[in-house]
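# Architecture at a glance
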Amino acid sequence: TAEANVYLLGGATPSSRQTNQYLLRNEIIKQAGEIVDELRYQLGLSAAQRDSEVAEEYIGLALKAFAEYFALAPPDEVANARAALRGVVAANNS
């Protein structure tokens, strides 16, 4: 929102929902980095030594944060984003 953008420049204070979304976004970014690092590490191992347990844990944490993030978003905005994404996927598949 315009108000949120003003906050970034030192204006209005974000709502608690916006603050929680910001924290969840940071958690998602952190977990994505952990997933990438773990997959790179695993690729350096022989196939016999590889284990997906740690990567699966990071993926679970990221999915949990995504679910919490989208639960805080206005439902109409989530629906619009999903519809737009379906349109992009459909266009790429045709």
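The coordinates are above.
The text that follows walks through the structure, step by step, so that each part is easy to find. Everything quoted here is computed from the prediction, not taken from an experiment.

### Brief notes about the overall build of the chain
Tallying secondary structure elements over the chain gives four helices and zero strands in all. The order of helices and strands in the chain, counted from the N terminus, is α-α-α-α. The buried share of the chain, reckoned over its 94 residues, is 16%. Taking the contacts inside the chain whose residues are at least 6 apart along the sequence as the reference set, 55% of them involve residues at least 24 apart. For the chain, the exposed area adds up to about 7200 Å²; of that, 60% sits on carbon and sulfur atoms.

### What to know about the side chain of glutamate 38
Mapped onto the elements of the fold, glutamate 38 is located in helix α2 (residues 16-43). For glutamate 38, which is buried and forms no salt bridge, the nearest opposite charge comes from arginine 50, at a distance of 9.8 Å. If we ignore the near neighbours within four places in the chain, the residues touching glutamate 38 are Asp51, Val54, Ala55 and Tyr58.

### Description of the packing of α2 against helix α3 (residues 53-72)
For the pair α2 and α3, the least separation of the axes is 9 Å and the interaxial angle reads 160°. Between α2 and α3, the angle is such that the two are roughly antiparallel. Here α2 and α3 pass one another in a crossing that is left-handed. In contact with Arg17, Asn20, Gln21, Leu24, Arg25, Glu27, Ile28, Gln31, Glu34, Ile35, Glu38 and Leu39 of α2, α3 contributes Val54, Ala55, Tyr58, Ile59, Leu61, Ala62, Ala65, Phe66, Glu68, Tyr69 and Leu72. Class assignment of the residues belonging to the contact of α2 with α3 gives a composition of 14 nonpolar, three polar and six charged.

### Things to note about the packing of aromatic side chains
Here a ring pair, both rings aromatic, is described through the centre-centre distance and the interplanar angle of the planes. Inspection of every chain in the model, using the stated rule, returns two aromatic pairs. Summarising the aromatic geometry, the rings of phenylalanine 66 and phenylalanine 70 are spaced 6.1 Å apart at their centres and angled 10° between planes, so their arrangement reads as stacked. Separated by four residues within a single helix, phenylalanine 66 and phenylalanine 70 lie in helix α3, roughly one turn from each other. Geometrically, the ring pair formed by tyrosine 69 and phenylalanine 70 is edge-to-face, given 5.5 Å between the ring centres and 90° between the ring planes. Given a relative accessible area of 40%, phenylalanine 70 falls into the partly exposed group.

### Brief notes about α2
Across its 28 residues, α2 extends 40 Å between first and last C-alpha, which sits within 8% of the 40 Å expected from 1.5 Å per residue. All buried positions along α2 are accounted for by Gln18, Gln21, Leu24, Ile28, Gln31, Ile35, Glu38 and Gln42.

What counts, and where the lines are drawn
Residues numbered from 1 in each chain as written. Predicted model: local features only at pLDDT ≥ 70, side-chain atom pairs only at ≥ 80, totals over all residues. Heavy atoms only, no water. Helix = DSSP H or I, 4+ residues; strand = E, 2+ residues; numbered from the N terminus. Buried < 20%, exposed > 50% of the residue type's maximum accessible area, 1.4 Å probe, protein only. Contact = heavy atoms within 4.5 Å. Areas by Shrake-Rupley, 256 points an atom, 1.4 Å probe, with all protein chains shown as cover. Lys, Arg positive; Asp, Glu negative; His and termini not counted. Salt bridge = Lys/Arg side-chain N within 4 Å of Asp/Glu carboxyl O. Axes fitted to C-alpha atoms, helices over the stretch in contact; angles between N-to-C directions. Parallel < 35°, antiparallel > 145°, perpendicular 65-115°, else oblique. Left-handed = near helix turned anticlockwise from the far one by under 90°. Nonpolar A, V, L, I, M, F, W, Y, C, P; charged D, E, K, R; others polar. Phe/Tyr/Trp six-rings, centres within 6.5 Å; stacked < 30°, edge-to-face > 60°. Expected span 1.5 Å × (residues − 1).

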